[in-house]
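# Fold and contact review
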Amino acid sequence: MAEQLGNLTRTHSCGALRPSDVGANVVLLGWVHRVRDLGGLLFVDVRDREGVAQIVFDDDNAPQMEKAKRLRSEYVIGVEGTVRRRSADTVNPKLGTGEVEVFVKRLTILNEAKTPPFPIADETPVSEDVRLKYRYLDLRRPRLAGNMILRHRIAAATRRYFDAHGFLEVETPILTKSTPEGARDYLVPSRVHPGEFFALPQSPQLFKQILMIAGIDRYVQICKCFRDEDLRADRQPEFTQVDVEMSFARPETVFGIIEPLMRDIFKVIGKDVTIPFQRMSYADAMAKYGSDKPDLRPGLEIQDLRAHFRESKFRVFKEIVAKGGTVRGFVIPKASHYSRSEVDGIVDMAKQQLGATGLVWARRMDDGAITSSVMKAMGEDEVSTLLDATSTGTGSLMFIAAGDADPTSKLLGQLRLILAKKDGLLKPDEFRFTWVVDFPLLEWDPQEKRWNSMHHPFTSPLDEDMEKLVTDPGTARAKAYDLVLNGSEIGGGSIRIHDSAMQSRIFSLLNISEEEAKLRFGFFLEALEYGTPPHGGIALGLDRITAILASESSIREVIAFPKTAAAVDLMSTAPSPVDPKQLRELHIQIK
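This text gives an overview of the structure that appears in the document. Quick caveat: nothing in here was measured; it's all calculated off a predicted structure.

### Things to note about the environment of histidine 587
Assignment of secondary structure puts histidine 587 in the segment after helix H18 (580-585). Classification of histidine 587 by relative accessible area gives exposed; the value is 52%. In sequence terms histidine 587 and serine 494 are 93 residues apart; their C-alpha atoms lie 41 Å from each other. When near neighbours in sequence (up to four residues on either side) are disregarded, histidine 587 contacts Arg191 and Pro194.

Listed below in structure tokens is the structure:
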């Protein structure tokens, strides 16, 4: 039978007790973490979200000792007792509370607990499905509890920062108009308007732009967004972003706000961030790292080797260059540990898993000897010249690929990260930021035979590329920028179009008719005509940032109640069927 809380009032969290508290009378409230029965002594670890404290019962207080012997893992208890110092041989240096313990005068069993389906006291591996089904138990485990505390501190630091810099937090609607662009909307049927639907927002994009038209000047919101798309480790159907918009902003204005914010956020985990961050064009990111979200930690920059192969004896690569293709490669400086069979295995893996068709290698051994998979075709002198030109020194290995520019760079970009991970070059405690800028404004969809926005249709082109919208739209660049950290895009934004004529021109390029534009975006287009200031902003992924700071590979580990990869909540069993009466009220029939 559970006892009542009565007048028990917590004096300390379980993780707060220190030697300075010795002699104090305290009240602890929490869960039984571990029980160790030594006969005449009973030791119990009590846990709350702040940590663990050891409490002690002995035979001198027989009624409490007898009661304590009923305790099992995850019972909820309250204890009153006196803090005393542990003996030197029983100090636990792994705990902040490890020098003290509480000698219990009174125990209150507030609730019993069934045996949990997995251990709470340690990080014993458990299948993700079981963890998600019993998420309330998983969240008691120290790692996830710590992640929730970290997430709170990041959000709190973010709010303090924006408040200090003159931003207003404004809530935008959750029930809004469906304006599908990219991912699919989650639709919400309207009961009072049969046959019509709201949509859950993929982002507050149009509303935050309208707030700039409204004169809010600086807006921020930590908001929920929803996208009905296939899931990956860094995707969820509902996610949280830090949404930011500023009037009279240039890209440098946005960078100047976000970089000190990231510095404040990283102080939460005691890390110093150096600003300003590196800037890199989209073209350079693709050419040098094979990705628009480059991981700069390992180095291994991809080099352009076309000049060398224009007159090469290696006819395959020479002909690719002559036809307008490219030859690129990267050097692994310390590669003596790779045997010949391992190098050949890497090439085979790249062919099977990455689709590589023209991947070759060359290396300079520790003794200075030169070898290559195309030694016969190129000759030792040419291979040596290539290695000299690319600074491939003693003990270094180079991988080279040829073909069309974009797929060749992407192939090498994937390979450099695979090998960097294999060689331990992706250090989790190293943080390398970069801004990727000057994205293409448009990308061609060969199936639809039309242009699509690379970011979204409200992104402004670069001033110097305005005329290209008429002469060569595919080469126009955007005032768009992504913030990249360790190979993960943690934020994306742009300077927006603030002129209605330019917005109409972009819609026309995207094959959106005037009628369709009015139907989908009419309220926004009308707002543009009432004195719209130049403006721009960014959205930062709170889930992704928290996962990186927590050294987690999946954002599910930093979200309290995430969905599975199949977009299911195993704890609440959502989505689920609904009562036919509800469907009738909504004028919906399931076929």
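### Some thoughts on the packing of helix H4 (residues 142-164) against helix H17 (residues 542-549)
The contact between H4 and H17 brings their axes to 10 Å, and the two run at 125°. One finds that H4 runs oblique with respect to H17. Considering how the two elements wind past one another, H4 and H17 form a crossing that is right-handed. Touching Asn147, Leu150, Arg151 and Ile154 of H4 are Leu542, Asp543, Thr546 and Leu549, all from H17.

### A few points about the packing of aromatic side chains
All chains considered together, the criterion is met by 19 aromatic pairs. When the centroid spacing of 4.6 Å and the interplanar angle of 50° are considered together, the rings of phenylalanine 314 and phenylalanine 317 count as tilted. Phenylalanine 314 gets classed as buried once you look at its relative accessible area, which sits at 11%. On the basis of relative accessible area, phenylalanine 317 is assigned to the buried category, the value being 2%. With a centroid separation of 6.2 Å and an interplanar angle of 40°, the aromatic rings of phenylalanine 330 and phenylalanine 399 are classed as tilted. Residue phenylalanine 330 is found in strand E13 (residues 326-332), and its partner phenylalanine 399 is found in strand E16 (residues 396-403); the two are separated by 69 residues along the sequence. Among the aromatic residues, those joined into a cluster by ring pairs are Phe266, Phe277, Phe431 and Phe433.

### Considering the nonpolar core
In this structure, Phe162, Ile258, Met262, Phe266, Phe433, Trp435 and Leu483 are the most contacted members of the largest nonpolar core, which totals 42 residues. If one sorts the elements of this core by residue count, helix H6 (residues 251-267) sits on top with eight residues. Setting aside anything within four residues of it in sequence, one finds isoleucine 258 in contact with Phe162, Trp435, Leu483, Ile538 and Leu540. Of all hydrophobic cores here, the second largest spans 32 residues; its members include Ala285, Val436, Leu441 and Leu510.

### Describing the pattern of salt bridges
Across all of its chains, the model carries 41 salt bridges by this definition. As a salt-bridge pair, glutamate 557 and arginine 131 come within 2.6 Å of each other at their nearest N and O atoms. Of this pair, glutamate 557 sits in the loop between H17 and H18 while arginine 131 sits in helix H2 (residues 128-133), and the two are 426 residues apart along the sequence. Grouping residues by exposure puts glutamate 557 and arginine 131 together as buried.

### Focus: the pairing of strand E14 (residues 360-364)
Across the five residues of E14, five count as buried, placing the element largely inside the fold. The side-chain alternation of E14 yields two buried faces, one formed by Val360, Ala362 and Arg364 and the other by Trp361 and Arg363. The pairing of E14 with strand E15 (residues 370-372) spans three bridges and is classified as antiparallel. Opposite arginine 363, over in E15, you have threonine 371 as the bridge partner.

### Some details on unusual backbone geometry
Cis geometry marks the peptide bond from isoleucine 275 to proline 276, where omega comes out at 5°. Here proline 276 shows up in the loop between H6 and strand E11 (278-281). Going from alanine 574 to proline 575, the amide bond is cis rather than trans, its omega being 0°. With respect to the secondary-structure elements, proline 575 resides in the loop between H17 and H18. At serine 551, a residue that is not glycine, the phi angle is positive and equals roughly 60°.

### Details of H17
Where burial is concerned, most of H17 is hidden: eight out of the eight residues are buried. Every buried residue of H17 is accounted for by Leu542, Asp543, Arg544, Ile545, Thr546, Ala547, Ile548 and Leu549. Of the residues trailing H17, serine 551 is marked for its positive phi of about 60°.

### Concerning the sheet that holds strand E3 (residues 51-58)
Think of a sheet as strands paired side by side through backbone hydrogen bonds, with each pair either parallel or antiparallel. Overall, mixed pairing links the five strands, which are arranged E1-E2-E3-E5-E4 in a closed barrel. This sheet shows a mean twist of 55° between the axes of neighbouring strands, independent of strand direction. Where E3 and strand E5 (residues 100-111) come together, two bridges link them in parallel fashion. By the bridge assignment for E5, valine 56 is matched with phenylalanine 103.

### Brief notes about the sheet that holds E16
One open sheet holds the five strands; their spatial order is E12-E13-E16-E14-E15, and the pairing between them is antiparallel. Edge positions in the sheet fall to strand E12 (303-304) and E15, since each has one partner strand and no second. For E14 and E16, the ladder comprises five bridges, and the chain directions are antiparallel. Counted as the bridge partner of alanine 362 is methionine 398 from E16. Seen against the sheet, helix H9 (residues 315-322) touches E13, E14 and E16 and runs at an angle of roughly 50° to E16.

About the cut-offs
- Residues numbered from 1 in each chain as written.
- Predicted model: local features only at pLDDT ≥ 70, side-chain atom pairs only at ≥ 80, totals over all residues.
- Heavy atoms only, no water.
- Helix = DSSP H or I, 4+ residues; strand = E, 2+ residues; numbered from the N terminus.
- Buried < 20%, exposed > 50% of the residue type's maximum accessible area, 1.4 Å probe, protein only.
- Contact = heavy atoms within 4.5 Å.
- Axes fitted to C-alpha atoms, helices over the stretch in contact; angles between N-to-C directions.
- Parallel < 35°, antiparallel > 145°, perpendicular 65-115°, else oblique.
- Left-handed = near helix turned anticlockwise from the far one by under 90°.
- Phe/Tyr/Trp six-rings, centres within 6.5 Å; stacked < 30°, edge-to-face > 60°.
- Core = buried A, V, L, I, M, F, W, Y, C linked by side-chain atoms within 4.5 Å.
- Salt bridge = Lys/Arg side-chain N within 4 Å of Asp/Glu carboxyl O.
- Pairing = 2+ DSSP bridges.

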